[in-house]
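Below are the chains, spelled out letter by letter.
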Amino acid sequence: MDLVFVGIDPETTGGGSPTVWVSDDADLILQGEEADALLKARIGKTEWVPGHDTGIPGHETVNRIPARMVPILREACDVAERRAGLR
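A brief structural summary. (Residues numbered from 1 in each chain as written. Predicted model: local features only at pLDDT ≥ 70, side-chain atom pairs only at ≥ 80, totals over all residues. Heavy atoms only, no water.)

1. Side note on the layout of surface pockets
Where empty space is left can be seen by rolling a probe of water-molecule size over the atoms. So the rule is basically this: Cavities and pockets were defined on a 1 Å grid built over protein atoms only: a cavity is a set of grid points that admits a 1.4 Å probe from which the probe cannot escape, a pocket is an open set flanked by protein on both sides within 12 Å along at least five of seven lines, and lining residues are those with an atom within 4 Å of any such point. Grid points are joined across faces, edges and corners, and a volume is the space filled by probe spheres set on the points. Each residue gets one label: Ala, Val, Leu, Ile, Met, Phe, Trp, Tyr, Cys and Pro are nonpolar, Asp, Glu, Lys and Arg are charged, and the others, such as Gly, are polar.
Taken as a whole, the largest pocket encloses approximately 180 Å³ of empty space. Lining the largest pocket are Ile-43, Thr-46, Glu-47, Trp-48, Val-49, His-52, Asp-53, Thr-54, Gly-55, Ile-56 and Pro-57. A breakdown of the residues in the lining of the largest pocket according to their chemical character gives five nonpolar, four polar and two charged.

2. Structural notes on the sheet that holds strand E3 (residues 28-31)
Rules: Any two strands are treated as partners once DSSP identifies two or more bridges connecting them. Put simply, DSSP H or I for four residues or longer makes a helix, DSSP E for two residues or longer makes a strand, and each gets a number counted from the N terminus. Whenever a helix is involved, its axis is fitted only over the stretch in contact; in every case the axis is a line through C-alpha atoms, and angles between N-to-C directions fall within 0 to 180 degrees.
Across the sheet, three strands lie side by side as E1-E2-E3; this open sheet has antiparallel pairing. The open sheet has two edge strands with one neighbour each: strand E1 (3-8) and E3. Mean inter-strand twist for the sheet, computed between neighbouring axes without regard to direction, equals 20 degrees.

3. Quick word on the pattern of salt bridges
For clarity, the threshold we go by: A pair is scored as a salt bridge if a Lys or Arg side-chain nitrogen falls within 4 Å of a carboxyl oxygen belonging to Asp or Glu.
Across all of its chains, the model carries four salt bridges by this definition. Measuring nitrogen to oxygen at the nearest pair gives 3.0 Å for the salt bridge that ties Asp-2 to Arg-83. In this pair, Asp-2 is assigned in the segment before E1 and Arg-83 in helix H2 (residues 70-83), connecting sequence segments 81 residues apart. One salt bridge in this structure joins Glu-11 and Arg-68, with 3.8 Å as the shortest N-O distance. With Glu-11 in the loop between E1 and strand E2 (19-23) and Arg-68 in the loop between strand E5 (63-64) and H2, this pair connects stretches of sequence that are 57 residues apart.

4. Details of the pairing of E2
As a reminder, the rule being used: In this scheme, a residue with accessible area under 20% of its type's maximum is buried, one over 50% is exposed, and one in between is partly exposed, where area comes from a 1.4 Å probe on protein chains only.
Counting buried residues in E2 gives four out of five residues, a clear majority hidden from the surface. Counted along the chain from E2 to the antiparallel partner E3, the turn is four residues long, and its residue Ala-26 has a positive phi close to 75 degrees.

This is the structure we're talking about:
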């Protein structure tokens, strides 16, 4: 898989750092802090879309990405659109 590095948390000091990439098939790849149990429970028990299953499937996870990374996420969306041929 070919990844394009888009950005890292600008306030990172080492160790684990929220990071954003775009894959060769234009998916966003996000590394971030895993959500705590309380947030996962709230997300998992809420029916966000009527008729859609609740819960977080075992093959999925919930990450927190700091708001200060919004510009990096916007850039990643632009890269993904270009890779997908959407613009």
